[in-house]
Amino acid sequence: MNVRAPAVAGMFYPSEPAMLAGEITEYLDQVGENRLCPGFPKIVIVPHAGFIYSGAVAAHAYDLLRPARGVVKRVVLMGPCHRVAVRGLALPGASAFDTPLGRIPIDAQGEDLVRKLPQVCVMPATHAQEHAIEVQLPFLQQVLGPFSLLPFVVGAASPEQVAEVIEKLWGGEETLIVISSDMSHYRPYAAARAMDEGTAKAIVDLDPGINHEQACGATPISGALLVAQRRGLKPRLLDLRNSGDTAGGKDRVVGYASFAFEDERRGSPRAYSAEHGKVLLDAARQSIGAGLAIAPVPELPDHAWLRELRASFVTLKQKGRLRGCIGMLEATRPLGTDVLANARAAAFSDPRFKALTKPELASLEIEVSVLSRPARIIFEDHADLLRQLEPGKDGLIIESGSGAAARRGTFLPQVWESIPESEQFIAQLKLKAGMPADTRTTACRFKRYRVVKWTESGASRA
């Protein structure tokens, strides 16, 4: 096999796999946003400096792709050339790319779709030392899992030529488009900030007229903007900083931004609705019925949002009293599969209750909650933590210790209904996690999440 080896591992990012994976996780976990809506971006724009400079900015886009794990199977990745000039868009002439996290195969079928276009060429030399493509790969591997790759180094080409390649490879939900670009280069902090804000506005406004003074990846960005115009996608600015904000001085800085392109025709962002809830509640009841051998094993509808990697809880009540509650705090499987498994577990495997019986099923009330990704809470002391909490909205995870001494517990946002006071909420959460009542809050780690929930009475609430 002709494999492109890592060129900047150990310089732009760690070369040791465990250290690299840990650093990416740290960047992703620092993203504070925990939006809860179906879908994920079709296109992202991300910076490509060393991780210490731009990793935290790129993480804002990659965090939105976590639900795409197992759904996205192919990544079209475009970045500018920094080392060897090229005319057009260059494929690498390799069968795979290696990173410290493993091997990524090149998508041969995709290559065949575009190889005959006059602006596409094969040029291994321009890929050999190019960092703009390489630095995105570990993030993609960690977020998406296995996928095939179509990497293009973009040189002297028009935005329309780039757009033609993107259109050829557009595909469906299985294909993600990634544009790798930094913003302005080597200007004083204030001047760079002003220029980058103007460039970000142009991108959000779908203006394909940006130049290479504004962004080194201006050509692939402009091509993506042309496609977005035609397909009704709207860019959203996620983060905008420069090296003076992250890890450098402010005399000569490089700008970094991340963007996500969402489908404007479906609403931005789309929201979970009563229709989503009905599908999940029906699936949960059917799963319990199958466990009681009075219904067939449920088959999930062919909806894309059910295939997204999401975490859920299923809560069962009998005459208003808890009858079982099982769920996942971290997404590990497709949402539809997660709800089926949690419903069955809540009915038959919650250690606090006996297994559900057939006579109970008719009067059983089912509630399904879909969770956002838990986001870390940074706080100075106990009082600061309490100030940051939003009663009635925040689900809370508490963690302490490690190994055999590790403790962990959670309260869904619904628990605020019975424990409405923040001080007591924290105290009871410590006890639920098996911690002594006098455990110092500063010795614990906290994450918050939001939920959207549906009950069989028909109500939904985010």
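See the structure printed just above.
The model shown is predicted, which means the values in this text are computed figures rather than measured ones.

> Go over helix α1 (residues 17-29), please, and point to the residues and values.
Spanning 13 residues, α1 covers 18 Å between terminal C-alpha atoms, matching the ideal 18 Å at 1.5 Å per step. Every buried residue of α1 is accounted for by Leu-20, Ile-24, Tyr-27, Leu-28 and Asp-29. Where α1 begins, the capping side chain belongs to Glu-16, and its oxygen is found 3.2 Å from the backbone nitrogen of Ala-18.

> So what's going on with the environment of Asp-438? Which residues, and what values?
Structurally, Asp-438 can be placed in the loop between α15 (422-432) and β19 (445-449). Look at Asp-438 and you get exposed, because its relative accessible area is 67%. Put simply, Asp-438 and Pro-151 are 287 residues apart on the chain and 55 Å apart in space, counted from C-alpha to C-alpha.

> Outline the pairing of strand β13 (residues 311-318), listing residues and values.
Summarising burial for β13: 7 of the 8 residues are buried, a large majority. In this sheet, strand β15 (residues 364-371) lies alongside β13 in antiparallel orientation, the contact comprising 8 bridges. For Leu-316, the partnering residue across the bridge sits in β15 and is Ile-366. Relative to strand β14 (residues 321-327), β13 runs antiparallel, the two being bridged by 6 bridges. Note on β14: the bridge partner recorded for Val-314 is Ile-326. Counting the residues that bridge the hairpin from β13 to β14 gives 2 residues, and of these Lys-319 lies at a positive phi of roughly 55 degrees.

> Quick one: what's the story with helix α9 (residues 218-231), residue by residue and with numbers?
Across its 14 residues, α9 extends 20 Å between first and last C-alpha, which sits within 8% of the 20 Å expected from 1.5 Å per residue. Where burial is concerned, most of α9 is hidden: 11 out of the 14 residues are buried. Inspection of α9 places Ala-218, Thr-219, Pro-220, Ile-221, Ser-222, Gly-223, Ala-224, Leu-225, Leu-226, Val-227 and Ala-228 among the buried residues, and these make up the whole buried set. Downstream of α9 by one or two residues, Gly-232 has phi in the positive range, about 75 degrees.

Calculation notes
- Residues numbered from 1 in each chain as written.
- Predicted model: local features only at pLDDT ≥ 70, side-chain atom pairs only at ≥ 80, totals over all residues.
- Heavy atoms only, no water.
- Helix = DSSP H or I, 4+ residues; strand = E, 2+ residues; numbered from the N terminus.
- Expected span 1.5 Å × (residues − 1).
- Buried < 20%, exposed > 50% of the residue type's maximum accessible area, 1.4 Å probe, protein only.
- Polar contact = N/O pair within 3.5 Å; in protein donor to acceptor, adjacent residues only side chain to side chain.
- Pairing = 2+ DSSP bridges.

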